[in-house]
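Chains, contacts and geometry: an overview
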Amino acid sequence: MNKLANSTSPYLLQHANNPVNWYPWGTEALQKAKDENKLILVSIGYSACHWCHVMEHESFEDESVAAVMNEYFVCIKVDREERPDVDQIYMSAIQLMSGRGGWPLNCICLPDQRPIYGGTYFRKNDWASLLLNLADFYKTKPEEAEEYAVRLTEGIKQYESVAFVAEQPKYTRADLETIMATWRRYIDPVEGGFGGAPKFPMPANVQFLMRYAYLMKDEGVAQNVRLTLKKMAFGGIYDHIGGGFARYAVDGVWHVPHFEKMLYDNGQLLNLYAEAHTWKPNPLYQTIADEIIAFVSRELTSPENGFYSALDADSEGKEGKYYIFTKAEIEEILGNDADLFNIYYHVTEDGNWEEEASNVFLRREEDAELAEKLGLAVEELTSRINTARQKVLEARSKRVRPGLDNKILASWNGLMLKGLCEAYRAFNKPEYLTLALKNAEFINDNMLNGAKLSRVYKRDGKDNAATFLDDYANVIDAFIALYEVTFNEDWLIQAQKLTDYTLAHYYNADGGIFYYTADNDEQLIARKSEIMDGVIPASNSVMARNLKKLGLFFDNQGYLEVSAQLLRNIVPHLAKYSTAYANWTMLLLDEVFGTYEVAITGNNAEAKRVEMEQNYIPNKIMLGGKDGSLPLLAERFNSDTRIFVCRDKTCGLPVYNITDALKQINN
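Remember, predicted model here, so these are calculated numbers, not experimental data.

**Some thoughts on the overall build of the protein chain**
Regarding its fold elements, the protein chain presents 25 helices and 22 strands. A compact globule built from 667 residues should have a C-alpha radius of gyration of about 26 Å, and the protein chain, at 26 Å, falls within 12% of that. Dimensions of the protein chain, computed from C-alpha atoms along their principal axes, come out at roughly 80 × 70 × 50 Å. Out of the 667 residues belonging to the protein chain, those deemed buried represent 61%. Long-range contacts, defined as pairs at least 24 residues apart, comprise 69% of the intrachain contacts of the protein chain with a sequence gap of at least 6.

**Some words on the pairing of strand 20 (residues 620-625)**
When you tally the buried positions in strand 20, you get six out of six residues, the bulk of the element. Residues Lys620, Met622 and Gly624 line one face of strand 20 and the alternating positions Ile621, Leu623 and Gly625 line the opposite face, and both faces are buried. With respect to chirality, the unit in which strand 19 (residues 596-601) leads through helix 24 (residues 605-612) into the neighbouring parallel strand 20 is right-handed.

**Quick word on the packing of helix 21 (residues 539-553) against helix 22 (residues 557-574)**
Two elements in contact, helix 21 and helix 22, have axes separated by 8 Å at closest approach and are oriented at 150°. Classed by the angle they form, the pair helix 21 and helix 22 counts as roughly antiparallel. Relative to helix 22, helix 21 is oriented so that their crossing is left-handed. Contacts between helix 21 and helix 22 involve Asn540, Ala544, Leu547, Lys548, Leu550, Gly551 and Leu552 on the former and, on the latter, Tyr559, Leu560, Val562, Ser563 and Leu566. Residues belonging to the contact of helix 21 with helix 22 are distributed by class as follows: eight nonpolar, three polar and one charged.

**Topic: the state of the cysteines**
Taken as a whole and judged by the stated rule, the model has two disulfides. The disulfide partner of cysteine 49 is cysteine 52, and the S-S distance across this bridge is 2.3 Å. The disulfide joining cysteine 49 to cysteine 52 has a torsion of about 80° about its S-S bond and is therefore right-handed. For cysteine 49, a relative accessible area of 3% puts it in the buried group. Paired through a disulfide, cysteine 646 and cysteine 651 show a sulfur-sulfur distance of 1.9 Å. When the S-S torsion is 100°, as for the bridge of cysteine 646 with cysteine 651, the disulfide is right-handed. For cysteine 646, a relative accessible area of 2% puts it in the buried group.

**Looking at the sheet that holds strand 8 (residues 261-262)**
Taken together, the three strands give an open sheet; going across it, the order is 8-9-14, and neighbouring strands pair in antiparallel fashion. The open sheet has two edge strands, strand 8 and strand 14 (404-405), and neither has a second partner. Both strand 9 (residues 310-311) and strand 14 contribute to a ladder of two bridges, which runs antiparallel. Among the inter-strand pairings, alanine 310 is bridged to a residue of strand 14, identified as aspartate 405.

**Points about the nonpolar core**
Judged by nonpolar contacts, the single largest core of 196 residues is most densely connected at Met69, Trp127, Phe479 and Met612. A per-element tally of this core places helix 19 (residues 469-486) first, with twelve residues. Those residues within four positions of tryptophan 127 in sequence are excluded, and the remaining contacts are Leu41, Met55, Ser59, Phe60, Val65, Met69, Asn106 and Phe122.

**Notes on the environment of leucine 4**
Along the chain, leucine 4 falls in the segment before helix 1 (10-14). Its relative accessible area of 0% is what places leucine 4 among the buried residues. Separated by 13 residues in the primary sequence, leucine 4 and asparagine 17 have C-alpha atoms spaced 8.5 Å apart. Beyond its immediate stretch of four places on either side in the chain, leucine 4 contacts Leu12, Leu13, His15, Ala16, Trp22, Tyr23, Pro24 and Lys77.

**Structural notes on the sheet that holds strand 22 (residues 650-651)**
A sheet is described by the order of its strands in space; here four strands give the open sequence 20-19-21-22, paired in mixed fashion. Of all the strands in the sheet, just strand 20 and strand 22 have a single pairing partner and so form its edges. Of the strands in this sheet, strand 19 and strand 20 are in contact with helix 21, which crosses strand 20 at around 40°.

**Let's talk about the packing of aromatic side chains**
Applying the stated rule across the entire model yields 32 aromatic pairs. Measuring from centroid to centroid gives 5.8 Å for tyrosine 345 and phenylalanine 361, while their planes differ by 45°, and the two rings are tilted. Separated by 16 residues along the polypeptide, tyrosine 345 in helix 14 (residues 338-345) and phenylalanine 361 in the loop between strand 13 (358-359) and helix 15 (367-374) bring together distant segments of the chain. No difference in accessibility class separates tyrosine 345 from phenylalanine 361, as the two residues are buried. Taken together, the ring pairs connect Phe325, Phe341, Tyr344, Tyr345 and Phe361 into an aromatic cluster.

**Some details on the side chain of glutamate 422**
With respect to the secondary-structure elements, glutamate 422 resides in helix 17 (residues 410-427). Residue classification places glutamate 422 among the buried residues on the basis of a relative accessible area of 10%. For glutamate 422, the contacting residues outside a window of four places in its chain are Asn271, Ala274 and Ala481.

**Observations concerning the pairing of strand 2 (residues 39-45)**
Most of strand 2 is tucked away, with seven of its seven residues classed as buried. Because side chains alternate across strand 2, one face comprises the buried residues Leu39, Leu41, Ser43 and Gly45, and the other comprises Ile40, Val42 and Ile44, equally buried. Pairing of strand 2 with strand 4 (residues 105-109), which is carried by five bridges, proceeds in the antiparallel orientation. Across the sheet, the residue bridging to isoleucine 40 is cysteine 109, located in strand 4.

**Regarding the environment of glycine 99**
Among the structural elements, glycine 99 can be located in the loop between helix 5 (84-98) and strand 4. Among the residues examined, glycine 99 registers a relative accessible area of 64% and is labelled exposed. Considering only alpha carbons, one finds glycine 99 and arginine 363, 264 residues apart in sequence, at a separation of 36 Å.

**Structural notes on the pattern of salt bridges**
Applying the stated criterion to the full structure yields 44 salt bridges. The salt bridge partner of glutamate 36 is lysine 32, with a shortest N-O separation of 2.8 Å. With glutamate 36 and lysine 32 both in helix 2 (residues 27-36) and four residues apart, this pair spans about one turn of that helix. Salt-bridge contacts for glutamate 591 lead to lysine 548; the nearest nitrogen and oxygen are separated by 2.9 Å. One end of the pair, glutamate 591, is in helix 23 (residues 582-593); the other, lysine 548, is in helix 21, with 43 residues separating them in the sequence.

About the criteria used
- Residues numbered from 1 in each chain as written.
- Predicted model: local features only at pLDDT ≥ 70, side-chain atom pairs only at ≥ 80, totals over all residues.
- Heavy atoms only, no water.
- Helix = DSSP H or I, 4+ residues; strand = E, 2+ residues; numbered from the N terminus.
- Rg over C-alpha atoms; globule rule 2.2 N^0.38 Å.
- Buried < 20%, exposed > 50% of the residue type's maximum accessible area, 1.4 Å probe, protein only.
- Contact = heavy atoms within 4.5 Å.
- Right-handed = clockwise from strand over helix to strand, strands pointing away.
- Axes fitted to C-alpha atoms, helices over the stretch in contact; angles between N-to-C directions.
- Parallel < 35°, antiparallel > 145°, perpendicular 65-115°, else oblique.
- Left-handed = near helix turned anticlockwise from the far one by under 90°.
- Nonpolar A, V, L, I, M, F, W, Y, C, P; charged D, E, K, R; others polar.
- Disulfide = S-S within 2.5 Å.
- Pairing = 2+ DSSP bridges.
- Core = buried A, V, L, I, M, F, W, Y, C linked by side-chain atoms within 4.5 Å.
- Phe/Tyr/Trp six-rings, centres within 6.5 Å; stacked < 30°, edge-to-face > 60°.
- Salt bridge = Lys/Arg side-chain N within 4 Å of Asp/Glu carboxyl O.

Any link to function would need more than the numbers given here.
Have a look at this one:
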């Protein structure tokens, strides 16, 4: 076994028996490269990555390839989910060199960590040849290698950076319309989502469009949001048997998934479908939310109530094997009910996937439409399908399961916790809040030491690893959401403590932006900021929105000023590259339309909160309860239950029912 044998990362442990003399990222490997004047080979991936497994099998398990790697390089394996800071550096390098990125990510560096070459997946023969050429290049042309490293490292430092904007502009609806003009070029009017193949869910993008459609009264955008939500839920990217979404569809019609299932996708999609149900109530949205929670509870929840990271795409060495069925297999499981199930999920003898006769389940018709075609009552159709689904789930559970990445990450737990809070907000199911509170208490008890978060839950209690801005940002966001559905100020105070820690250790006041890494953690060749929103919103955009909310909750002008500075720096980029800034643009929506502060106080505050949450008001914060210490609640408690609606430091008269409160908001 190599140096990965003592790792806790499932991804690194997958490589512990490779003939490659892998090291984890750390002092031992980095010092060895300097001492022996060897190039560093940094190979980055994650446990659920299909092509990472392919390259491992083809190259890293091969003795002859390993011999080349061991002779000429110090080989370092990195789990991108444990060390996203290392991934960020070398992903920037790959994108600068090739214009594209992905995983596995393989980067060749000088002994001082500066990159000179890299790429993603390489075939075995290409890989071995490339390594020999690079080793010879470094030996014979060290000055040229140094020149590459200097240019590339400078590019990395500049990559995804923004200028400081001192003057505060006035934001208007016209700004939003200009930004939306760019969005319209990417919206798919036929299949929903954005662009062609592959199709990623991009939850923050859809959430922004939903809020834009509502606040700007744009029915065209609203129609596309509804289309996207339906197409994703009906497509093969959704697990119709066990619940939960795969990471993306390899095609442009949501049909064939890349079968890995990630916690971060499902937490955000839970949030999205819950909010969508409040916006436009739809039984489909509630079903999807219920089934995501059931999936996460069943397959991604630890005994301690932390959430695991992912399920692999592969089982028994084949992508998707756990999830696909032949028509004959369905007939064996369901007997006389197979015909109806096969019609409902488009299962055919020939199959609808690349493997012969295999089927990915998907829907095309609404239940009412299909029931009418088949001459069935809708209730009978759904009842029979649900019974059949349970039988297929039971049969599937006896198969060899996909690998589980049992890392518990603060950042992704924050995303799932936020999703649970939003689901409780939308559907008022006590079991959702129970699960949310258990997870929040797990984070509080096991991943927090004062105001210092641990990125990865260490089962042995030891934690010497770096923690990153996204960990703080997403946990803060979740704790704010948990306060809003419980009115327990302990969660808001925890959010404030974590925020103050980020301002002390991550914020660059001169640049008006947060660094991704802390000033008291390991320093790499560049200290970067995460600015552009992707499948997961950028940590800077999440912090900007957190600071806006906390500034209002605590009447803290300092928080509001940092939030405003962050947004000012980004606004010049929004119109040109709008789809890369969805979460930022949601903050801009709040600036243009204002944020309502809805305070509900008194003995019946919880019932009134539940009633208020049935109304879609995306640009609001909620506070209150039977008592509290927040500035906006001062002198507002008595036995009567009252509702106060405030905006821009001005409050309306207290009212006693939701109808009158909504009049103050909608006027």
